[in-house]
Amino acid sequence: MKNLFVIIAAILFCGNVFSQGINFEHGTFKEALAKAKAENKPMFIDVFTSWCGPCKKLSKEVFPQKAVGDYFNKSFVSFKLQTDKKEADNKEIADRYHVTAYPTLMWVDGEGELLHLAVGFHEVDKLLTEAKKVFDEDKRVGSSITKWNNGDRSLPVAMNYFAFDKNSKGEFEEYFKGLPEKQKLDSLTFEMISDVRLDTDGEVFVFVVRHRKDYQKVAYDFKIERAIDQEIDYELQSNFGTEKYKEIVLKYKQIGFDELGLFMKRAEWKYYLNKSDFLSFEKSAKEYLQEFSKPNNYLRNELVWELYGVGKEKFSKFNNPDLVIDWANEFKKKMMEPDQFCYPEFYAYVIAGDINRAKKIGNDYLKSTEGESDYRSVSTREYVQYLLSEIK
């Protein structure tokens, strides 16, 4: 009898632990929305995919927290929307709200009108701060959308509007052209540029490319890469070897894009790599490093990563694995933080077929960081464990 009471107590305790976080609805999107309307509550929507690391971290570490559950369960009807779930129309629902990044955290009213949204992983305090904006008309994104539609073109309104709309109606170009020159080049304007999708043949993108160095003074490198570099990379790589490619190269020459040579060479070696023409890939990659690697050590990382990324069936046919190990070692020597896990080193030994060495690199890192709890260490450890599981 005593053991029975212990078991019952344990079940009740566990049930209490697992129910202390957010209670997500288990029906359809329409059913959850109807419930929100009936209860006169906003609806919270966690938009995620099965492959998104930060989404998993939110679900595992933040949503189960008592402080989060206490606030969300009394304030919202909550629902999970997985956009890569084939049997549902979840992707269409996400597209309606212009979702382009994961996780996207959204709040809508009972009619499905957007009230607020936030993108990316949020710790408990940050998530609660965003959630409370839902009830503040001056801070929530939905208010800015309404103001924009009513003709308000002030900077705070524009920033919120384009963070949501992503320029789906092509309005950013007209807005940008009306800005003073100084404002076109400031950090807040570039925040908007990095959110929207620009026509690479349009006047605004040409302006942005011409002023890339100016933006590098006020914006983070990853923002420059997303807004400018990736667009140029895609144009060159997807058209390499065609007549269109020559037109694109001429366009960027006329614009005066300083990094054009590097981008062209990258398009070349990626073309050969994707074709599994490894002799041409090796020649092009060596030229790439010889010409451009002196100020850009990360180019070695890029080459190893891309070769690993084509998959074992392809990279096993590459006949110079020592070269890849040299690239990885040279990159590792110049790393800013040598105690970090060196991915190229791990990938290089997998490419070379030395699985035992790759396992040792991974396991040594896990051992050296055992017990560390900061976000970067935990995320890296999880990914290293995944890599090790892949090569068993």
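Residues numbered from 1 in each chain as written. Predicted model: local features only at pLDDT ≥ 70, side-chain atom pairs only at ≥ 80, totals over all residues. Heavy atoms only, no water.

A word on the sheet that holds strand 2 (residues 77-82). With respect to topology, four strands assemble into an open sheet ordered 2-1-3-4, the strand pairing being mixed. Edge strands, defined here as strands with exactly one partner in the open sheet, are strand 2 and strand 4 (114-119). Between one strand axis and the next, the sheet turns by 20 degrees as a mean value, whatever way the strands run. One ladder, built from five bridges, connects strand 3 (residues 104-108) with strand 4; its direction is antiparallel. Residue Leu 105 lies in a different strand from strand 4, and its bridge partner there is Ala 118. (Pairing = 2+ DSSP bridges. Helix = DSSP H or I, 4+ residues; strand = E, 2+ residues; numbered from the N terminus. Axes fitted to C-alpha atoms, helices over the stretch in contact; angles between N-to-C directions.)

Turning to helix 7 (residues 141-149), its buried residues are Val 141, Gly 142, Ser 143, Ser 144, Ile 145 and Trp 148. Next to the buried residues of helix 7 lie strand 4, helix 8 (155-165) and helix 9 (172-177). Taken from the residues just after helix 7, Gly 151 is the one with a positive phi, measuring 100 degrees. (Buried < 20%, exposed > 50% of the residue type's maximum accessible area, 1.4 Å probe, protein only. Contact = heavy atoms within 4.5 Å.)

Residue position: Val 204 is located in helix 12 (residues 203-210). A relative accessible area of 3% places Val 204 in the buried class. Separated by 166 residues in the primary sequence, Val 204 and Ala 38 have C-alpha atoms spaced 46 Å apart. Contact partners of Val 204, with chain neighbours within four places excluded, come to Phe 172, Glu 173, Phe 176, Lys 177 and Leu 198.

Our next topic: the environment of Lys 91. In this fold, Lys 91 is placed in helix 5 (residues 90-96). Each C-alpha atom of the pair Lys 91 and Leu 81 lies 8.5 Å from the other, and the pair is ten residues apart in sequence. Not counting residues up to four positions away in its chain, the partners in contact with Lys 91 are Thr 83 and Tyr 102. Of the polar contacts made by the side chain of Lys 91, one reaches the side chain of Asp 95; its length is 2.8 Å. (Polar contact = N/O pair within 3.5 Å; in protein donor to acceptor, adjacent residues only side chain to side chain.)

Attention shifts here to the packing of aromatic side chains. Per the counting criterion, the structure on display carries 45 aromatic pairs. Grouping aromatic residues by their ring pairs yields a cluster made of Trp 305, Tyr 308, Phe 315, Phe 341, Tyr 343, Phe 346, Tyr 347, Tyr 365, Tyr 383 and Tyr 386. Across the ring face of Phe 24, the terminal group of Lys 80 is positioned such that the distance to the ring centre comes to 4.8 Å. Sitting above the plane of the Phe 207 ring, Lys 184 keeps its charged end 5.4 Å from the centroid. (Phe/Tyr/Trp six-rings, centres within 6.5 Å; stacked < 30°, edge-to-face > 60°. Lys NZ or Arg CZ within 6 Å of the ring centre and 35° of its normal.)

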